[in-house]
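Architecture and fold: a report
In case you want the letters, here they are:
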Amino acid sequence: MRELIEMVNTVAPTEATVLITGESGTGKERVARAIQEASARRGKAFVTVNCAALNESLLESELFGHEKGAFTGADKRREGRFSQADGGTLFLDEIGELPLLLQAKLLRALQERRIRPVGGVEEVETDVRIIAACNADLPRYVEEGKFRTDLFYRLNTFPIHIPPLRERREDIPPLCRSLLDELSRKLKRRLELTPEAMDRLLAHNWPGNVRELRNVLEFCAYLTPSGVITELSLPENLRTGPTAQPSLTLAQRTRAFERAEILRLLERNGASLEGKKKTAAQLGISLASLYNKLNMQF
């Protein structure tokens, strides 16, 4: 995750197109939003489009908009997502499901920075940063003729891969702290995990990745009036599975909490130098100590 944060901080100040890959639920949209928040487009529109959710005709109108009378039912002009995201970021999720015809139109929009609404005669300039995401094997799609080679390389300017949660279990404690902080604010009560409950979470394989972890913690939070989530609070499939060996030491838990708190503040303050200075000041530590804590081994 430290490598991922470094990649986000590296690409954010640029205007490079980013392709985020990873299994469903790994947090691809979160990474896309982090890139926007650390960029000069911070505070501007962040517009998402799920390319798998609509058929080809509706998706073209969704992306580029349409003029009144462009097709049956188009009783008024509609602005597309490119126009809505002008000055900001357009996040194209499930890009591998984009139909071939629209792939050509998207490629032209990326190269020319101009779009033409459905039924329109004039092109419209756009200032949009594209971040695409995919949980499919896009290179295989290219080989099979399902995805344009030129569009793949245009989107793959700066690739970021998010490993599944089962391959980075050391990230589970800080993720839990961050997610529990969000739930604590939502439910207006402090939520904590016992060491035994954490061991169960560390042992689970997490096929649904971070999304599944969030759902589990939310389930537990609603069923735990005291705010202390124990092993017995967990869903049955987590209670009856194996426990993690070896258990985390107190020092490891402390470091995990520290890192989670630092990342939470950096997310709020931004990853720029000024944001890091503000985070260090809020934590009552020096900037050098902040860097040391971010770089420390788990």
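This section reports on the structure supplied with the text.

Parameters at a glance
- Residues numbered from 1 in each chain as written.
- Predicted model: local features only at pLDDT ≥ 70, side-chain atom pairs only at ≥ 80, totals over all residues.
- Heavy atoms only, no water.
- Helix = DSSP H or I, 4+ residues; strand = E, 2+ residues; numbered from the N terminus.
- Buried < 20%, exposed > 50% of the residue type's maximum accessible area, 1.4 Å probe, protein only.
- Contact = heavy atoms within 4.5 Å.
- Areas by Shrake-Rupley, 256 points an atom, 1.4 Å probe, with all protein chains shown as cover.
- Lys, Arg positive; Asp, Glu negative; His and termini not counted.
- Charge placed at Lys NZ, Arg CZ, Asp CG, Glu CD.
- Pairing = 2+ DSSP bridges.
- Axes fitted to C-alpha atoms, helices over the stretch in contact; angles between N-to-C directions.
- Expected span 1.5 Å × (residues − 1).
- Disulfide = S-S within 2.5 Å.
- Salt bridge = Lys/Arg side-chain N within 4 Å of Asp/Glu carboxyl O.
- Parallel < 35°, antiparallel > 145°, perpendicular 65-115°, else oblique.
- Left-handed = near helix turned anticlockwise from the far one by under 90°.
- Phe/Tyr/Trp six-rings, centres within 6.5 Å; stacked < 30°, edge-to-face > 60°.

A short note on the overall build of the chain
- A count of helices and strands for the chain gives 14 helices and 9 strands.
- Based on the C-alpha atoms only, the size of the chain along its principal axes is roughly 65 × 45 × 40 Å.
- Expressed as a percentage of its 298 residues, the buried residues of the chain come to 45%.
- Taking all contacts inside the chain whose residues are at least 6 apart in sequence as the whole, residues at least 24 apart take part in 70%.
- About 15100 Å² of surface is accessible on the chain, with carbon and sulfur atoms providing 52% of the total.
- Here the chain holds 44 positive side-chain charges and 41 negative ones, and the gap between their average locations is 4 Å.

Section: the sheet that holds strand β7 (residues 158–161)
- Strands sit in the order β2-β3-β6-β1-β7 across an open sheet of 5 strands; the sheet is parallel. Of all strands in the sheet, those bounded by a partner on one side alone are β2 (46–50) and β7. Each adjacent strand pair in this sheet contributes to an overall mean axis angle of 20°, direction not counted.
- Where strand β1 (residues 18–21) meets β7, 4 bridges bridge the pair, whose relative direction is parallel. Directly across from Val-18, in β7, lies its bridge partner Phe-158.

Examining helix α5 (residues 100–112)
- Between its terminal C-alpha atoms α5 stretches 19 Å, which fits the 18 Å expected from 13 residues at 1.5 Å a residue.
- Close packing links the buried residues of α5 with α3 (56–64), α4 (81–84), β3 (89–93), β4 (114–115), β6 (129–134) and α7 (149–155).
- Arg-113 lies just past α5 and shows a positive phi near 55°.

Concerning the state of the cysteines
- For the coordinates displayed, the defined rule picks out 0 disulfides.
- Not part of a disulfide, Cys-220 finds its nearest cysteine sulfur in Cys-176, a span of 9.7 Å.

A few points about the pattern of salt bridges
- With the rule as written, the count across this model stands at 26 salt bridges.
- Ionic pairing is found between Arg-78 and Glu-62, a salt bridge with its closest N-O pair at 3.3 Å. Of this pair, Arg-78 sits in the loop between α3 and α4 while Glu-62 sits in helix α3, placing them 16 residues apart in sequence.
- Of the residues examined, Arg-78 reaches a relative accessible area of 31% and is grouped as partly exposed.
- Between Arg-190 and Glu-192 there is a salt bridge whose closest N-O contact spans 3.1 Å.
- On the accessibility criterion, Arg-190 (46% relative accessible area) is partly exposed.
- One continuous salt-bridge network, built from bridges that share partners, spans Glu-15, Arg-41, Arg-113 and Asp-127.

Examining the packing of helix α1 (residues 2–11) against helix α2 (residues 28–37)
- Where α1 meets α2, the axes come as close as 8 Å, and the angle between the chain directions of the two elements is 45°. Overall, the two elements α1 and α2 adopt an arrangement that is oblique. For α1 against α2, the interelement crossing comes out right-handed. Residues Leu-4, Val-8 and Val-11 of α1 form the contact with α2, whose participating residues are Val-31, Ala-34 and Ile-35.

Section: the packing of aromatic side chains
- What the rule picks out here adds up to 3 aromatic pairs.
- Ring geometry for Phe-152 and Tyr-153: centres 5.2 Å apart, planes at 65°, overall edge-to-face.
- Under the relative-accessibility criterion, Phe-152 is labelled buried at 10%.
- Overall, the relative accessible area of 57% leaves Tyr-153 in the exposed class.

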